[in-house]
Amino acid sequence: MPEATAEIIESSTRAFVAEVHDGQEAPDFGSWVEVEQAETGDTLYGLVSHVEVSSYEPGRRPRAFGQSREELQRERPQVMELLRTTVRAQVLAYRPEGDDGSVRQTLPPRPPSIHDFVYCCAPEAVKTLGAPYDFLRTLVEDPDPAVPTDDLLVAVLRQVRAAHGEATGEEHLVEAGRALSRLLDDDHERLHSILRRVE
Amino acid sequence: MLDLHPLNDAFAAFGAYQAAEQERRRRRLDCACDALSDCAASWQTLREKVQQQEPTALVAGLREAPDRTYDAPERPTPVTAVASDGSQIYPDRHVEPTCYLLNVSRVAFQYGTLEAPVLDAEPHFEYEGALTEHFDAEHGRVDDEIVSARRDEKELEALRDASRRAHRDDRPLVALADGTLIRWMIRGMKDRDLEEELIGRYAALLEDFRAERLPLASYISMPGNTDVVNLLRLHLLDGDAEHAEEDPLAGLLDRWLFAETLAVGERTATFTSASRIQTRYAEADRICYFYTRVPDGRTGAGEIARVEVPRWVADDEALLDRVHALVASECEKGDGYPMILSEAHERAVIRAQEKERFYQRVERAMQERGLPPLRRSRKAQSKRRPAV
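My aim in this report is to walk through the structure given alongside it, one point at a time. Residue indices begin from 1 for each chain and proceed along its sequence in written order. Both sets of labels track the order of writing: A upward for chains, 1 upward for ligands. Where totals are concerned, whole chains, interfaces and linings use all residues; where local detail is concerned, this predicted model gives features only for residues with pLDDT of at least 70, and gives and counts side-chain atom pairs only at 80 or more. With hydrogens and water stripped out, all remaining heavy atoms of the structure feed into the side-chain values.

This paragraph deals with the interface of chain B and chain A. Interface extent is often summarised as the accessible area lost during association of the parts. In this complex, chain B contributes 17 residues to the contact, which on the side of chain A involves 12 residues. When the two sides are added together, the surface that chain B and chain A hide from each other amounts to roughly 1300 Å², 45% of it contributed by carbon and sulfur. Among the residues of chain B in contact with chain A, Leu114(B), Lys333(B) and Glu343(B) are the three that bury the most area, contributing 31% of the side total. Salt bridges are defined by distance alone: a side-chain nitrogen of Lys or Arg within 4 Å of a carboxyl oxygen of Asp or Glu. In this structure, the connection of chain B to chain A is made through 4 salt bridges. A salt bridge links Arg63(A) to Asp335(B); the shortest N-O distance between them is 2.9 Å. Pairs of N or O atoms within 3.5 Å make up the polar contacts considered here, provided that, within protein, one atom can donate a hydrogen while the other can accept it, and that residues adjacent in sequence are counted only when both atoms are side-chain atoms. The interface formed by chain B and chain A contains 7 residue pairs in polar contact (both at pLDDT 80 or more). Numbered from the N terminus, helices here are DSSP runs of H or I no shorter than four residues, and strands are runs of E no shorter than two. Breaking the side of chain B that touches chain A down by element, the ones donating at least two residues are strand E4 (100-111) and helix H9 (339-348) of chain B. Classification used: nonpolar for Ala, Val, Leu, Ile, Met, Phe, Trp, Tyr, Cys and Pro, charged for Asp, Glu, Lys and Arg, polar for all others including Gly. Along the lines of polarity and charge, the residues of the side of chain B that touches chain A split into 6 nonpolar, 3 polar and 8 charged. Throughout, a contact is declared for two residues whenever any of their heavy atoms are within 4.5 Å. Accessible area, probed at 1.4 Å, shrinks when two parts are joined; the buried area is that loss added up over both.

This is how it looks when you write it as structure tokens:
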């Protein structure tokens, strides 16, 4: 198991917020993360829909020092320590423990627990989040109101292509695009705008 | 409820009084500045006069001409800066049983490197041990002054430990404490044995810094000392204070005097402290100090601060320069107050909510043992929940 990227600090059925561990890179916007639920043994899959960097202490606001990042580290080493990165992920799928290992593209029976660890999904895991792309329906019809849905869709489609690599990437992208097209009904303009940005 | 209307006249009088007072202070300051340059030429004579003094007043001891000033040298890079601070939950008079909490922070920065900083704090929950013998028998509780003394000791201990860990071979280090190193506040405790014990332990900590060559300094913001003014008074009145008609330097503070003479970044000469509590310190650990006008990254000039160092640091020009340079650079970055001490404070501070949680935990620990809940007196209760 690789080192955990983040740890859950807020949790609900639809989404969780996780704080990125020191020394770890924050997962990209629109990338898949997974959580092994300590209580149930289920694996939850979430899509990173929001990344935020802020001060640990509500009373201390970041301010501009006019110094490069390295200068800051050399002369104000506390500044970086006092910043934290949190990510919000929309829960879109889960794999029940002890089942045949197939992923269900729907919400899990229970939200993850606070302090559960969050890992970035390997391409293998992203591949399992494929056809029939039911999770796209959740993204389109019940979007996170704080996030521009189409940008998230662009990021998701790019992930699909990247996970499958050069050989079959395009093929899977077309399949996902078809699923999306059905969801968006006749809104060709919107679909094109999304696909344009995937290229 | 406060009605200020009846005080209209009083406020007007206050303004007039302050104007006159400022004027008097201005005259006295001029007098003090003259005395400072006047006594410099024959400062050795003045030093002897100080030594012959009855040690009643706190008069600054001289090591060099008192009007000397020094520019802030450039701070070495890389350099290790270490700091600690502490805060406490005093025993609550309205809460039994007696217990208190100390929260002591440790901060270490390896300036000029990309090494990770140390920023943490350690809480200490105390309710038994040596100090319980010193509970005020009448009230069955520890005095706040004992808790404060205990906190000061823990702060210095944390500073020593953090300095040991942060110290790198061939990298200069400064350990910066908050507040005075002269434990005068311990003097006059009701319990003499405890007083001796506390001073003894503090003196032992100071010795550790020296034995391990960890240069120690402390920063005092808005110092209220008058030692140097007392010295100038001695010079002016020639030891005949009793017969002088008027004290020409009445009410002056050292920091006002040096606000007249120091440019930004500069420090004064070093002086020795006459505080008698230090007779319990090893000679090499007795406290010397200087004043400095600290830079302020935002406004340019900051306050006049007092910086104390043990004598072994003051005797070593390179160490003294290092302390001076570090304090200046800290204040520059910290908007007029050492940045590292602000961080140490942030880590140590106990907020009202946290204090309440502490009492809840104490209460729960007792309930788990079937003990009666904490007794809160009516006064404490009414303060928490004012009724309508």
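Moving on, we come to the nonpolar core. Nine residue types can take part in a nonpolar core, namely buried Ala, Val, Leu, Ile, Met, Phe, Trp, Tyr and Cys, and a core is a set of them joined through side-chain atoms within 4.5 Å. Each residue is assigned to one of three classes by its accessible area relative to the maximum for its type, calculated with a 1.4 Å probe on protein chains only: buried under 20%, partly exposed between the two thresholds, exposed over 50%. Core analysis: the biggest nonpolar cluster contains 32 residues, and Trp32(A), Tyr45(A), Phe135(A), Leu136(A), Leu139(A) and Leu180(A) have the highest contact counts within it. Elements represented by at least two residues in this core include exactly strand E4 (43-55), strand E5 (83-95), helix H3 (123-128), helix H4 (134-141), helix H5 (149-183) and helix H6 (188-198) of chain A. Here this core takes 12 residues from H5(A), the largest share from any one element. Within the second largest apolar cluster, 31 residues are counted, among which are Ala81(B), Phe109(B), Tyr111(B) and Ala314(B).

Turning next to the sheet that holds E5(A). All names here are of chain A. Pairing is antiparallel in the closed barrel, where 6 strands are placed in the order E1-E2-E5-E4-E3-E6. On average, adjacent strands in this sheet sit at an angle of 45° to one another, irrespective of strand direction. By the bridge criterion, 3 bridges tie strand E3 (residues 32-36) to strand E6 (residues 117-120) in an arrangement that is antiparallel. By the bridge assignment, Val35 is partnered in E6 with Val118. To get an axis, a line is fitted to the C-alpha atoms, and for a helix only the part in contact is used. The angle between two axes follows their N-to-C directions and goes from 0 to 180 degrees. Across the sheet, H5 is in contact with E3, E4 and E5; its angle to E4 comes to roughly 125°. The pairing criterion is simple: DSSP has to find at least two bridges between the two strands.

Residue and element names in this part refer to chain B. Applying the stated criterion to the full structure yields 45 salt bridges over all chains. Salt-bridge contacts for Arg106 lead to Asp120; the nearest nitrogen and oxygen are separated by 3.0 Å. One end of the pair, Arg106, is in strand E4; the other, Asp120, is in strand E5 (residues 118-126), with 14 residues separating them in the sequence. Residue classification places Asp120 among the partly exposed residues on the basis of a relative accessible area of 28%. Residues Arg151 and Glu155 are paired through a salt bridge, measuring 3.2 Å at the closest nitrogen-oxygen approach. Within this pair, Arg151 and its partner Glu155 are both found in helix H3 (residues 144-166), separated by 4 residues, close to a single helical turn. Several salt bridges converge on common partners, so that one network encompasses Glu126, Arg150, Glu153, Glu197 and Arg201.

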